[in-house]
Structure formats: structure tokens, C-alpha cells
Amino acid sequence: MITDAEKNHLQVGFKQSLKAINEGRAVKAVLALDCDEKISAPIRKAASDTNTELAEIPTMHELGAVCGIEVGASCAVVLAE
């Protein structure tokens, strides 16, 4: 999942995550399994194309909580330090 050290380098949100993955700035992508396919498919493809580690969390609510926000999150990335 996401370690405490990685939480300091999180970026949350679809557009920001996809951009960071495609630019090679993300070391890990985290995807909520209950997010819409129009979000999960591009994130999965970008992670695969760039050999970025992909982790999954069961729900958007859980991912939001892990990211320290009070709303659900579809995806997030851990940025390189």
C-alpha cells in the first residue's frame, strides 16, 4: 500500500496522477478498485507503459483516508523524492 514515508510525497487526483506517471515523476501509482473505468484504464495503461509500480486499494473512500483527505480519491501517485 502506501508507507508513512511515501505519504509525504503524495499527489492526489486523476489529471495530476496521469501527468506525473507519463512524465516519469511517479514511483508508484495507487488506484481505488471502485473508481470508474474511464479513470482506471488510462492510469493502468500509463503505469504499464512506464513500468510504474501500481498498487490497488479497495475503495475510493479508503484511498482518500490514506491520502489524508476527507473525501474519496480515485487515484494518487507517490512522487520521486
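Going by the structure above, here's the rest.
Residues numbered from 1 in each chain as written. Predicted model: local features only at pLDDT ≥ 70, side-chain atom pairs only at ≥ 80, totals over all residues. Heavy atoms only, no water.

1. Considering the overall build of the protein
So, step 1. If you tally the helices and strands in the protein, you get four helices and four strands.
So, step 2. For the protein, the α and β elements follow one another from N to C terminus as α-β-α-β-α-β-α-β.
So, step 3. For a compact globule of 81 residues, the expected C-alpha radius of gyration is about 12 Å, and the protein comes in at 11 Å, within 12% of that figure.
So, step 4. For the protein, the residues scored as buried account for 40% of the 81 residues in total.
So, step 5. Residue pairs at least 24 apart in sequence account for 74% of intrachain contacts in the protein once pairs closer than 6 positions are excluded.
So, step 6. Per element, the accessible surface of the protein, about 4,700 Å² overall, is 50% carbon and sulfur.
So, step 7. Distance from the positive charge centre (8 side chains) to the negative charge centre (12 side chains) of the protein: 7 Å. (Helix = DSSP H or I, 4+ residues; strand = E, 2+ residues; numbered from the N terminus. Rg over C-alpha atoms; globule rule 2.2 N^0.38 Å. Buried < 20%, exposed > 50% of the residue type's maximum accessible area, 1.4 Å probe, protein only. Contact = heavy atoms within 4.5 Å. Areas by Shrake-Rupley, 256 points an atom, 1.4 Å probe, with all protein chains shown as cover. Lys, Arg positive; Asp, Glu negative; His and termini not counted. Charge placed at Lys NZ, Arg CZ, Asp CG, Glu CD.)

2. Considering unusual backbone geometry
Excluding glycine, residues mostly carry a negative phi; peptide bonds, for their part, are mostly trans.
So, step 1. Phi is positive for asparagine 51, close to 55°, though the residue is something other than glycine.
So, step 2. Secondary-structure assignment places asparagine 51 in the loop between helix 3 (37-49) and strand 3 (53-57).
So, step 3. Among the residues examined, asparagine 51 registers a relative accessible area of 71% and is labelled exposed.

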